[in-house]
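Coordinates in review
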Amino acid sequence: MRTDTDNKLKKRELSHGLATEAGLPVYPSTGLRVAVLGGGFVGLVAAAGFAQFGHTVALVEKDPDKSKELRAGRIRIHERGLPELFGANLRRHRLGVFSELAEAIKGAHAIFLAVGTPSLPSGEADLSAVFEVVETLGPLLTPKQILVLKSTVPVGTALQVRNRLSKNGAAKKQVAVVSNPEFLREGTAVMDFFRPQRIVIGGDQPEAIETIAQLYRVGMMDACPIVVTNNETAEMIKYASNLFLATKVAFVNELANLCDAAGLNVTEVTRGMGLDSRISPEFLNPGPGFGGSCLPKDLDAILNLARKQGVRLSIAEAVKEANARQPRLVVGKLEKLVGTLKGKTIGVLGLTFKAHTNDLRSSPALAVMKRLEEKGALLQAYDPVAEGEARALWPELKLAPNPEEVAEKADALVVLTEWPEFMALNWEEIGQKMKSKNIVDARNLLVPEILARLGFNYLGMGQKPGEA
Ligand code: UDX
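Right, let's walk through the structure included here. (Residues numbered from 1 in each chain as written. Predicted model: local features only at pLDDT ≥ 70, side-chain atom pairs only at ≥ 80, totals over all residues. Heavy atoms only, no water.)

Looking at helix 12 (residues 295-309)
- If you check helix 12, its first and last C-alpha atoms are 21 Å apart, about what 15 residues at 1.5 Å a residue would give, namely 21 Å.
- Listing the buried residues of helix 12 in full gives Leu295, Pro296, Lys297, Asp298, Leu299, Asp300, Ala301, Ile302, Leu303, Asn304, Leu305 and Ala306.
- Packed against the buried residues of helix 12 are helix 10 (231-262) and helix 13 (314-338).
- Where helix 12 ends, the next residue or the one after it, Gly310, has phi of about 70 degrees, a positive value. (Helix = DSSP H or I, 4+ residues; strand = E, 2+ residues; numbered from the N terminus. Expected span 1.5 Å × (residues − 1). Buried < 20%, exposed > 50% of the residue type's maximum accessible area, 1.4 Å probe, protein only. Contact = heavy atoms within 4.5 Å.)

Next up, the structure:
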């Protein structure tokens, strides 16, 4: 006969294994309360993820319109799995959306700061949003609460936050300031939250650090290394990681340029390289340059930090210069195919900084298009998910509802993001719509031989021109 305990355990197992609408296990409630401040990309994923782990989460989005939309489960950001995850936890009342801070942080064990830290013209990170929230939080914090800096902040910010809080008597309340940088990638952020490769926690109060570690441990689907260090080191781990990733992208872009000149295939070269675990096959895909809301901004921030410390980061400087050249190089390939760009119609496939996102921030595709326009080209563009964002950012840009219309009477096409749907296009039909069958594949997404057989003049990045 099954005892009451057995039934409880059975229920727990069931709830662990129970798939929800989002296809993720439902964890039993942990009784821990978390506040997440900032309804941007990171805040939304962290709030929904922590709620899925079983914590009770209060998300604060100060913009009343955004807050209202979020309360209705409407998410402006295109992020696979996020609407389902967010909605499931709203419906389960594990997740609430607030406009006011005071209400949201009541009884919270941990308060995650996930507000934006964009670049200032100097390249320095703009911390005004962080300090504004810290000033408001100061008098509201209660003893033993933990303030967690999840926003990407320069080395030394946690110390500044601690000093500002102590002016508000937070020291007496023994408020801890913990650094917990995120490593989420746009397009795979939900998966990255549930399957991180590491969790980094910086601070000097072991109890607070253990509480934050516990918030993650309960939900980790796999055992995940938790790196515990001090605040400054945690802050530097984030910047150094993104600088390395940016360096790797700039490296493979330059390698592709060399392979172009030497008549080699960069994909074969990187295949041979990537089998060395010290190199790894990841992040060795040439493109129009790295963009997004992180790599360019964090590169500028670490260069700024180095300048302040009187240290020369010549490699980082070179990465920045190489990345700025990459869009121009893509335009050069188009000129190679169509001659002068003046008056030519160029079809653009993909506007965002990479596929699976609607984020146009620092998108190299926009840099390519601006240069094409400067040279007198006539643009017609398509993006699978960022049409609204593109219309808002560039009202006069001619946007097509599908890739086929982008090809209409085009002198050339250029592929700027690696959307799988571009691989699956009917390239024979596409070619028949074009004035001339020229294509620059800035993501090495397509198969040169197939395009050549269809009569295209194909140029990739470090790819031998397609032979029919
Ligand atoms: C990055 C970091 O990966 C992530 O850990 C951090 O938390 C935030 O910044 P994200 O900006 O979302 O994530 O994009 P990522 O996938 O890193 O790509 C950045 C840029 O590099 C994109 O423009 C992408 O197209 C480009 N890239 C990336 C390449 O051109 N080639 C590659 O092989 C990889």
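A closer look at helix 14 (residues 364-374)
- Looking at helix 14, one finds that the buried residues are Pro364, Ala365, Leu366, Val368, Met369 and Leu372.
- Residues of helix 14 that are buried in the fold lie against helix 13, strand 9 (345-349), strand 10 (378-382) and helix 15 (387-393).
- Two or three places before Ala365, at the start of helix 14, stands the capping residue Ser363, its side-chain oxygen 3.1 Å from that residue's backbone nitrogen.
- Taken from the residues just after helix 14, Gly376 is the one with a positive phi, measuring 85 degrees. (Polar contact = N/O pair within 3.5 Å; in protein donor to acceptor, adjacent residues only side chain to side chain.)

What about the site of the ligand?
- In the region of the ligand, 20 residues are neighbours, and Leu184, Glu186, Asn285, Phe353 and Lys354 sit closest.
- Side-chain polar atom of Lys238 to an oxygen atom of the ligand: 2.9 Å apart, as the coordinates give it.
- At a separation of 3.0 Å, an oxygen atom of the ligand approaches a polar backbone atom of Gly291.
- Among the elements that line the shell around the ligand, the one with the most residues is helix 10, at 4 residues. (Near = heavy atom within 4 Å.)

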